[in-house]
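# Coordinates in review
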Amino acid sequence: MATGALFGDRCYASQSEAVDAFFSGSAPVLTSGSTSYLTEYTTDNTGIWFLKSWAIDSNGLHTLRYTVLAEYPTFPTCEPTEYFVDGVTIGWGIATAMILALCIKFLWMTK
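A few points on the structure. Remember, it's a predicted structure, so these values are computed and weren't measured experimentally.

Let's shift gears to the overall build of the protein. From N to C terminus, the protein includes 2 helices and 7 strands. Expected size for 111 residues packed as a compact globule is a radius of gyration near 13 Å; at 26 Å, the protein overshoots this value by more than 25%. Taking the principal axes of the C-alpha coordinates as reference, the protein spans close to 90 × 35 × 20 Å. The proportion of buried residues among the 111 residues of the protein is 17%. For the protein, the proportion of contacts with a sequence separation of at least 24, taken over those separated by at least 6, is 37%. When the accessible area of the protein is evaluated, it comes to approximately 8200 Å², of which 64% is carbon and sulfur surface. Each charge class in the protein can be summarised by its mean position, and for the 5 positive and 10 negative side chains these summaries are 16 Å apart.

It is worth spelling out the packing of aromatic side chains at this point. Enumeration over the complete set of coordinates arrives at 7 aromatic pairs. Measuring from centroid to centroid gives 5.1 Å for Phe 22 and Phe 23, while their planes differ by 70°, and the two rings are edge-to-face. On the basis of relative accessibility, which here comes to 28%, the residue Phe 22 falls in the partly exposed class. Between Phe 23 and Tyr 72, the ring centres sit 5.7 Å apart and the planes meet at 65°, which makes this aromatic pair edge-to-face.

It is worth spelling out the state of the cysteines at this point. Working definition of a disulfide: a covalent bond connecting the sulfur atoms of two cysteines. In this structure the tally under the stated criterion is 1 disulfide. Here Cys 11 is linked by a disulfide to Cys 78, with a sulfur-sulfur distance of 1.9 Å. Residues Cys 11 and Cys 78 are joined by a disulfide whose S-S torsion is about 95°; by sign, that bridge is right-handed. Linking Cys 11 in strand β2 (residues 10–12) with Cys 78 in strand β7 (residues 77–78), this pair joins segments that are 67 residues apart in sequence.

Parameters and conventions
- Residues numbered from 1 in each chain as written.
- Predicted model: local features only at pLDDT ≥ 70, side-chain atom pairs only at ≥ 80, totals over all residues.
- Heavy atoms only, no water.
- Helix = DSSP H or I, 4+ residues; strand = E, 2+ residues; numbered from the N terminus.
- Rg over C-alpha atoms; globule rule 2.2 N^0.38 Å.
- Buried < 20%, exposed > 50% of the residue type's maximum accessible area, 1.4 Å probe, protein only.
- Contact = heavy atoms within 4.5 Å.
- Areas by Shrake-Rupley, 256 points an atom, 1.4 Å probe, with all protein chains shown as cover.
- Lys, Arg positive; Asp, Glu negative; His and termini not counted.
- Charge placed at Lys NZ, Arg CZ, Asp CG, Glu CD.
- Phe/Tyr/Trp six-rings, centres within 6.5 Å; stacked < 30°, edge-to-face > 60°.
- Disulfide = S-S within 2.5 Å.

Without other data, these values stay purely geometric and don't point to any function.
Set out below in structure tokens:
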């Protein structure tokens, strides 16, 4: 039962966690000029993401140009415990091989 969301080769527990990782990993964009423009994703205290843009004049005065609701991406589903189960399977395989090698060594020593 796939309940997670796959983003950046990582399976997050939910779509909202993947969306947070997506937007928080986006760097602000600054366009320089006589009037510079800064655009970035921000979130409010309810967890809703917005795209905000500011104009920055030559004196350094920031003026908010617009705030729009960010367009949320959708991510493919995945199973969050899949990597854990893979790791446990590999771990037991290695442990079994080590125990088998130890048993063979003890058998050779008793001859």
